[in-house]
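What the coordinates show
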Amino acid sequence: MATIIQSINGGDPVLEPTMCEISQSDLYSDQSGRSAESGDMLLYLIKKGVYTIELEFVGTAAQIRHIDSLIVGGDFTVVFFDETNTEDSTPWSPYVSRKMYASDRKKVPLGTPSGRKYRLSFNLIETRRGS
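A brief report on the enclosed structure follows.

Thresholds, definitions, all that
- Position labels on residues start from 1 in each chain and follow its written sequence.
- Residues qualify for local features only when their pLDDT is at least 70, as the model is predicted, and side-chain atom pairs are given and counted only at 80 or more; totals for whole chains, interfaces and linings, by contrast, use all residues.
- Derived side-chain values reflect all non-hydrogen atoms in the structure, with water molecules and hydrogen atoms excluded from consideration.
- Only buried residues count toward a nonpolar core, which is a set of Ala, Val, Leu, Ile, Met, Phe, Trp, Tyr and Cys residues joined through side-chain atoms within 4.5 Å.
- Buried residues are those whose accessible area, probed at 1.4 Å on protein chains only, stays under 20% of the maximum for their type, while exposed residues exceed 50% and partly exposed ones sit between those limits.
- Each helix corresponds to a stretch of at least 4 residues labelled H or I by DSSP, and each strand to a stretch of at least 2 residues labelled E; elements are numbered beginning at the N terminus.
- In what follows, residue pairs with any heavy atoms lying within 4.5 Å of each other are defined as contacts.
- To be clear, the arc concerns the directions from the helix axis to the C-beta atoms.
- Only residues above 30% relative accessible area that lack a salt bridge enter a patch, with like-charged residues linked at up to 9 Å and the nonpolar side chains Val, Leu, Ile, Met, Phe, Trp and Tyr linked at up to 5 Å.
- Note on areas: these come from Shrake-Rupley sampling with a 1.4 Å probe, and a residue is covered only by the protein chains present in the view.
- Definition used for salt bridges: Asp or Glu carboxyl oxygen within 4 Å of a side-chain nitrogen of Lys or Arg.

A word on the nonpolar core. Membership of the largest hydrophobic core comes to 20 residues, with the highest contact counts inside it found for F80, F122 and L124. Of all the elements in the fold, those that place two or more residues in this core are β1 (5-8), β5 (45-59), α1 (61-70), β6 (76-81), β7 (95-102) and β9 (117-129). The element contributing the most residues to this core is β5, with 4 residues. Beyond its immediate stretch of four places on either side in the chain, L124 contacts Y51, T52, I53, L55, I71, F76, V78, M100, Y101 and A102.

Structure (structure tokens):
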């Protein structure tokens, strides 16, 4: 089985996410919109296929601290599994590398103090292609 998130900021996340949703969207200019004369949609594409990865991890305090340490700062390289990618890389790989930044992080304590685990959730949002 392939690891969904191979690396974040050069480090191993140490846990498989309990939830992972990968989406792509197209980014359009603020000038896009409907023509007042014809009603036709005028689309001014800036960037196609911008990745967003919604992630959730459950682990010990030490494991969650480690993952949290990987997503600090500005943008960083994330290597993740997307077998449906259509990039023209030679040789083709199901792993994609993107510069991304992390959204706000949410940490939820789970269990009792003697058996405490934590749920960490955040989004990774593409800033640019490449590593």
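So, next bit.
Once that is clear, we can look at the environment of P94. Topologically, P94 is positioned in the loop between β6 and β7. Between the alpha carbons of P94 and D26 there is a distance of 21 Å; along the sequence they are 68 residues apart. P94 has contacts with F80, F81, D82, E83 and N85, leaving out every residue within four places of it along the chain.

Turning our attention to α1. Inspection of α1 places I64, I67, D68 and L70 among the buried residues, and these make up the whole buried set. Down the axis, α1 shows its buried residues gathered within 155 degrees of arc, on one side only. Structurally, α1 contributes buried residues whose contacts are with β1, β5, β6, β8 (106-110) and β9.

A contiguous nonpolar patch, built from Y28, M41, L43 and L45 and spanning about 380 Å² of accessible area, is present on the exposed surface. Structurally, the position occupied by L45 is in strand β5. Overall, the relative accessible area of 47% leaves L45 in the partly exposed class.

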